[in-house]
Amino acid sequence: MNGNRETVTIPEQRLPIAYAPDVVVVGGGASGVAAAIAAASNGAETLLIEQRGYLGGMGTSALVPAFCPFTDGEKPVVRGVGLELMETMKAAAGEAYLRMHRERLDWVPIDVEILKRVYDDAVLASGAKLLFHTFVDQALLGEDGASIAGLVIGNKTGRSVVQAKLYIDATGDADLAALSGVPFHIGGESGELQPGTMCYVVCDVDKARFDRFLEETGQGGQLPDTVLEAQRNGDLPEGRKRVSGIAWLSDTVAGFNFGHVFGIDGTKAEDLTRGAVEGRRLIDVQLRFLRKYVPGFERAHLVHSGDQIGIRETRRIVGDYTLVVDDFLASRTFEDDIARNAYFIDIHLANAQSAMAIKRLPKGVSHGVPYRCMLPKGKSNLIVAGRSVSSDRPVQGSLRVMPNCFAMGQAAGTAAAMAAAEGRTDFRAVDVKALQRRLVEQGAWLGDGERSGEIAGRLAEPLVFAKEDDE
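It should be emphasised that the depicted structure is a prediction, and the values quoted were computed from it without experimental measurement.

A. Geometry of the overall build of the protein. A tally of helices and strands in the protein yields 13 helices and 22 strands. Here the C-alpha atoms of the protein give a radius of gyration of 22 Å, agreeing with the 23 Å that 2.2 N^0.38 yields for 471 residues. Judged by the C-alpha coordinates and their principal axes, the protein covers about 65 × 60 × 45 Å. Contacts in the protein between residues at least 24 apart in sequence constitute 74% of all its contacts with a sequence separation of at least 6. Accessible surface computed for the protein: about 19,400 Å², of which carbon and sulfur atoms make up 49%.

Shown next as structure tokens:
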């Protein structure tokens, strides 16, 4: 990098308008997929722009091995588009997979190649258009500065402009919001960020032998005793004291979310580059650990590592409402709820010596996610869905997972279609009660009338900080 930050002036360009849809969705992860399907299914001409050649975000590009829970331990709280997509993937994965996971709604292993096709088919069937291998590198603002007038995109075809009526930022990093001048926070008070993880898939393993080992040692599938032994022997680096998760796709194939690469800012290409290199090196260390210490993995063969390191947090926008930890602890319901969340607060250690923050709601309990969290300050025709909505850092550690991203994306896409149908270009003009009715009609769940006061007394506890987590 040029430390002096010298600059050049780029000559003025006249760019063609390549697309002019009602709604453009930027980012094809869980929130973007759900947003595009919802917008198009509700009648809006919709374009979904994705930088890679496939959809799925962290679930496909970073090989996150399983969907986080869709339930509150008793019932699904995330339903609608997201739950339907997961069930479609399960059905397409074959009988052997279904025998293992047919009834599961929580921690369902992701079959990446099947999920890519499921997303392709669902988005196209909704009527939305796809544009892969494309970056948005500039937001063109209207004269008032409060609206987006167009996006400059770049791809193999060249540079061009997309002019839409309404814009959905589903990048996960609030990239479009940042380009548009929306204020945001990033990380903790000292700028610390949750670490990245390079996930991967191995084959030639023996699940039956592994299960016998767990039974004989009396330890859970996260192998805390085995990991600690390897760390004491110098065969694993210090840091996380257990395997976060092993997701079994079959009796011989498993996906891993294991270990951390620290100090990665997912909004910086240099950090993503370092994360890719260090992440692949760490996989090699972990494979040698598995073959040496874990029965059933003696012949483990690496078949796929993430296209990029998995990122847990970057920007959080400043929105019309900021969801805070007290809202989570009191399981508050809001008048403008567009989703429910029951996933626990899960903030991974920022370095090998720091603590993790874990806080769970009781079974059967969830909190609301208000529409206002997705509305960025100072912008009218932009809405943000996914992990970068307006929240404090603890709540971001809960909202960031794929089921919640599906729910927020479905709400954002439905709101965009409703606004477009009425000729409006302001997300704050959407009738929220009508939006809620539409979401429920389309399978979403917004609760059964629970209110924060009924259960707040059971939850008035501080966050619990632990040296390691159990998920």
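Don't stop here, the text continues.
B. Expanded view of the sheet that holds strand E2 (residues 23-26). One open sheet holds the 5 strands; their spatial order is E6-E3-E2-E10-E21, and the pairing between them is parallel. Each end of this open sheet is capped by a strand with a single partner; those strands are strand E6 (129-131) and strand E21 (382-384). When the angles between neighbouring strand axes are averaged without regard to direction, this sheet yields 20 degrees. Inspection of the sheet shows strand E10 (residues 166-169) paired to E21 by 3 bridges, in the parallel sense. The residue bridging Ile168 from the neighbouring strand is Ile383, located in E21.

C. Inspection of the state of the cysteines at higher detail. With the rule as written, the count across this model stands at 0 disulfides. The thiol sulfur of Cys373 is not disulfide-bonded, and the nearest other cysteine sulfur, from Cys405, lies at 13 Å. Cys373 gets classed as buried once you look at its relative accessible area, which sits at 1%.

D. Up close: helix H2 (residues 80-92). The end-to-end C-alpha separation of H2 is 19 Å, in line with the 18 Å expected for 13 residues at 1.5 Å each. Contacts from the buried residues of H2 go to helix H1 (30-41), strand E4 (66-67), helix H3 (95-101), strand E5 (108-109), helix H4 (112-126) and helix H11 (402-421). Downstream of H2 by one or two residues, Gly94 has phi in the positive range, about 100 degrees.

E. Here's a closer look at the sheet that holds strand E14 (residues 254-257). As summarised here, the arrangement of the 4 strands in space is E13-E14-E12-E15, forming an open sheet in which the pairing is antiparallel. Bordering the open sheet on either side are strand E13 (245-248) and strand E15 (301-305), each of which pairs with just one other strand. Sheet twist, expressed as the mean angle between neighbouring strand axes with direction ignored, is 25 degrees. Sheet topology note: the E13/E14 ladder contains 4 bridges and is antiparallel.

F. Inspection of the packing of aromatic side chains at higher detail. Scanning all chains against the criterion turns up 14 aromatic pairs. An aromatic cluster is present here, built from Tyr200, Phe210, Trp248, Phe256 and Phe297 joined pairwise through their rings. Seen from the ring of Trp248, Lys207 lies directly overhead, with NZ or CZ sitting 5.8 Å from the centre. Residue placement shows Arg315 over the ring face of Phe184; its charged tip is 5.2 Å from the ring centre.

G. Spatial organisation of the packing of H1 against H11. Running from amino to carboxyl end, H1 crosses H11 at an angle of 30 degrees, the nearest separation of the two axes being 7 Å. When the interaxial angle is binned, H1 and H11 end up roughly parallel. Considering the relative orientation of H1 and H11, their crossing is right-handed. Together, Ala30, Ser31, Ala34, Ala35, Ala38 and Ala39 of H1 and Met402, Cys405, Phe406, Gly409, Gln410, Gly413, Thr414 and Ala417 of H11 make up the contact between the two elements. Looking at the contact of H1 with H11 residue by residue, the class counts come to 9 nonpolar, 5 polar and no charged.

Cut-offs applied
- Residues numbered from 1 in each chain as written.
- Predicted model: local features only at pLDDT ≥ 70, side-chain atom pairs only at ≥ 80, totals over all residues.
- Heavy atoms only, no water.
- Helix = DSSP H or I, 4+ residues; strand = E, 2+ residues; numbered from the N terminus.
- Rg over C-alpha atoms; globule rule 2.2 N^0.38 Å.
- Contact = heavy atoms within 4.5 Å.
- Areas by Shrake-Rupley, 256 points an atom, 1.4 Å probe, with all protein chains shown as cover.
- Pairing = 2+ DSSP bridges.
- Axes fitted to C-alpha atoms, helices over the stretch in contact; angles between N-to-C directions.
- Disulfide = S-S within 2.5 Å.
- Buried < 20%, exposed > 50% of the residue type's maximum accessible area, 1.4 Å probe, protein only.
- Expected span 1.5 Å × (residues − 1).
- Phe/Tyr/Trp six-rings, centres within 6.5 Å; stacked < 30°, edge-to-face > 60°.
- Lys NZ or Arg CZ within 6 Å of the ring centre and 35° of its normal.
- Parallel < 35°, antiparallel > 145°, perpendicular 65-115°, else oblique.
- Left-handed = near helix turned anticlockwise from the far one by under 90°.
- Nonpolar A, V, L, I, M, F, W, Y, C, P; charged D, E, K, R; others polar.

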